[in-house]
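Working through the structure, step by step
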Amino acid sequence: MKNFILISPHFPDTYFRFAEALKRNGFRVLGIGDASYEELSQALKDSLDEYYRCYNMENFDEEINAVRYFENKYGHIDYLESNNEYWLERDAKLRDIFHIDTGVGYNAIQMYQHKSLMKQGYAKAGAKTADFILIDTYENAMAFAKRVGYPIFIKPDYGVGAEGDFKIQNEDDLKNFFAVKNPQITYICEQYITGNIVSFDGVADSHSNVVFATTNCFPPSVADVVKEHKDIFYYTMPKVPKDLLKLGQKVVKAFNVQKRFFHMEFFRLTQDIPGVGKVGDLVPLETNMRPAGGYTPDLINFANSINCYQIYADVMAFDENRQKDIYPHYYAACASRRDEHQYRYSDDEVINKYRHRLCANGRYPKVLSGAMGDRYFMVKFDKEEEMDEFRQFCEERL
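**Comments concerning the packing of aromatic side chains**
Here the structure, examined in full by the defined rule, presents 34 aromatic pairs. Where phenylalanine 18 meets tyrosine 312, the ring centres are 5.2 Å apart and the plane angle is 75°; that geometry is what we call edge-to-face. Of the two residues, phenylalanine 18 is situated in helix α1 (residues 16-24) and tyrosine 312 in helix α12 (residues 308-318); the sequence distance between them amounts to 294 residues. Put simply, the rings of Phe233, Tyr235, Tyr331, Tyr345, Tyr354, Phe381, Phe390 and Phe393 pair up and form one aromatic cluster. Here lysine 93 stacks its cationic end above the ring of phenylalanine 60, 6.0 Å away from the centre of that ring.

**Some remarks on unusual backbone geometry**
A cis amide bond links phenylalanine 11 to the next residue, proline 12, at an omega of -10°. For proline 12, the position within the fold is in the loop between β1 (3-7) and α1. Omega for the bond connecting tyrosine 150 with proline 151 falls within 30 degrees of zero, at -5°, which places this linkage in the cis form. Positionally, proline 151 belongs in the loop between α7 (138-148) and β6 (152-156). Not every positive phi belongs to a glycine, and serine 8 is a case in point at roughly 50°. Located in the positive-phi region is serine 305, a residue other than glycine, with phi close to 55°. Of note, serine 305 is situated in the loop between α11 (296-304) and α12.

**Details of the sheet that holds strand β3 (residues 50-53)**
The four strands lie next to each other as β3-β2-β1-β4, forming an open sheet whose pairing is parallel. The open sheet terminates on both sides in strands that have one partner only, identified here as β3 and β4 (79-81). With direction set aside, neighbouring strand axes in the sheet form an average angle of 15°. As paired strands, strand β2 (residues 28-33) and β3 are joined by four bridges and run parallel to one another. Directly across from glycine 33, in β3, lies its bridge partner arginine 53. The sheet contacts of α1 involve β1 and β2, and relative to β1 the element is tilted by about 175°.

**Quick notes on helix α5 (residues 106-113)**
Among the residues of α5, those classed as buried are Ile109, Gln110, Tyr112 and Gln113. All buried residues of α5 project into a common sector of 160° when viewed along the axis, lining one side.

**Focus on the pattern of salt bridges**
Summed over all chains, the structure comprises 22 salt bridges. For arginine 90, the salt bridge identified is with glutamate 63, shortest N-O distance 2.8 Å. With arginine 90 in helix α4 (residues 88-97) and glutamate 63 in helix α3 (residues 60-74), this pair connects stretches of sequence that are 27 residues apart. Across the pair, exposure class does not vary: arginine 90 and glutamate 63 are buried alike. Here lysine 175 ties to glutamate 171 by a salt bridge, and the two come within 3.9 Å at their closest N and O atoms. Here the residue lysine 175 and the residue glutamate 171 both occupy positions in helix α8 (residues 171-180), the gap between them amounting to four residues, near one helical turn. Assessed through its relative accessible area of 45%, lysine 175 is described here as partly exposed. One continuous salt-bridge network, built from bridges that share partners, spans Lys119, Lys155, Glu190 and Glu286.

**Some words on the packing of α7 against α8**
In contact at an axis separation of 11 Å, α7 and α8 are set at 150° when each is read in the N-to-C sense. The pairing of α7 with α8 is recorded here as roughly antiparallel in orientation. In this structure, α7 crosses over α8, and the sense of that crossing is right-handed. From α7, Tyr138, Ala141 and Met142 reach across to α8, where they touch Glu171, Leu174, Lys175 and Phe178. Among the residues making up the contact of α7 with α8, the classes are represented as five nonpolar, no polar and two charged.

Reading guide: rules and limits
- Residues numbered from 1 in each chain as written.
- Predicted model: local features only at pLDDT ≥ 70, side-chain atom pairs only at ≥ 80, totals over all residues.
- Heavy atoms only, no water.
- Phe/Tyr/Trp six-rings, centres within 6.5 Å; stacked < 30°, edge-to-face > 60°.
- Helix = DSSP H or I, 4+ residues; strand = E, 2+ residues; numbered from the N terminus.
- Lys NZ or Arg CZ within 6 Å of the ring centre and 35° of its normal.
- Pairing = 2+ DSSP bridges.
- Axes fitted to C-alpha atoms, helices over the stretch in contact; angles between N-to-C directions.
- Contact = heavy atoms within 4.5 Å.
- Buried < 20%, exposed > 50% of the residue type's maximum accessible area, 1.4 Å probe, protein only.
- Arc of directions from axis to C-beta.
- Salt bridge = Lys/Arg side-chain N within 4 Å of Asp/Glu carboxyl O.
- Parallel < 35°, antiparallel > 145°, perpendicular 65-115°, else oblique.
- Left-handed = near helix turned anticlockwise from the far one by under 90°.
- Nonpolar A, V, L, I, M, F, W, Y, C, P; charged D, E, K, R; others polar.

Below is the structure:
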């Protein structure tokens, strides 16, 4: 029996489905996390062969001790993964320490987490990206701004999310950035791209072949959502556009993605960008080699009438997608609300009106609410127009 360690298997709370799927495929599923055993859902408990609690997951030695405990008890660890951006680098270090060769090592994972290094992968795939520099001095930043023109966009080179992002409109904004920036962080400065964000999501096998693919559309940028406390609305499309599928497959190959989820974001240009592309072209934004955040895997399931957790487990066990694509596809949308806003229609009215289309609803964990909102509703529709009406109904305020 092969041993599969899941790091932090209880977060988000829907990730128990990874453990369920792996268990179904014959793995011995072992969990490491900071929650007490009593806090775990019954579904997760039923899917774990054993759970090791670390009282402080920020203490890497505790994680090392946990893996060593499992290795001593059950033998060599075959797989170790969290599928969570926050732990990806730690996961890679643990794989290196315990000679787990079924996942990305520490050196290789740097390309997955540094935006400047991602550019190399995109170039290998033949994709044009926004011009950029890594910021070191004010003078270099000024020279870059003069070369590409304002606005420019500055964000941390490492990691994911919208914290620490700056849209620089003029020289005064640039001076302010240098006055407030964190000296411990390396920032990347990019040419500003105007477009709508679409993602290429799925699972790759051991040969970097895409065995399952889907796409999400994100009308508001996450940066705007966080900074302006906007409601977030995004959706999974019933079909991946041909140009996105073609480019996405090339990027997966270029990044050597093996036996893991991927979530790649692209701009669909809404205006021409000299030297980059024309209206309608796809321009890479960044790539994340894990499932899309929050409860998006569930939204993907609703849109595609599949179980992407099981697809992942099938790739781990058999290196193939064993699910048949024979069921209907939908527009699956997620609308969020924030407690600070007052809406024309109550949560109960939303649930009642769309009860025949509602797939899931609830509250986001506090750690996700900044980017995702406080309350969410997931629905699926046959037509895009129905989805647009749902969005208006949810977002209308007093």
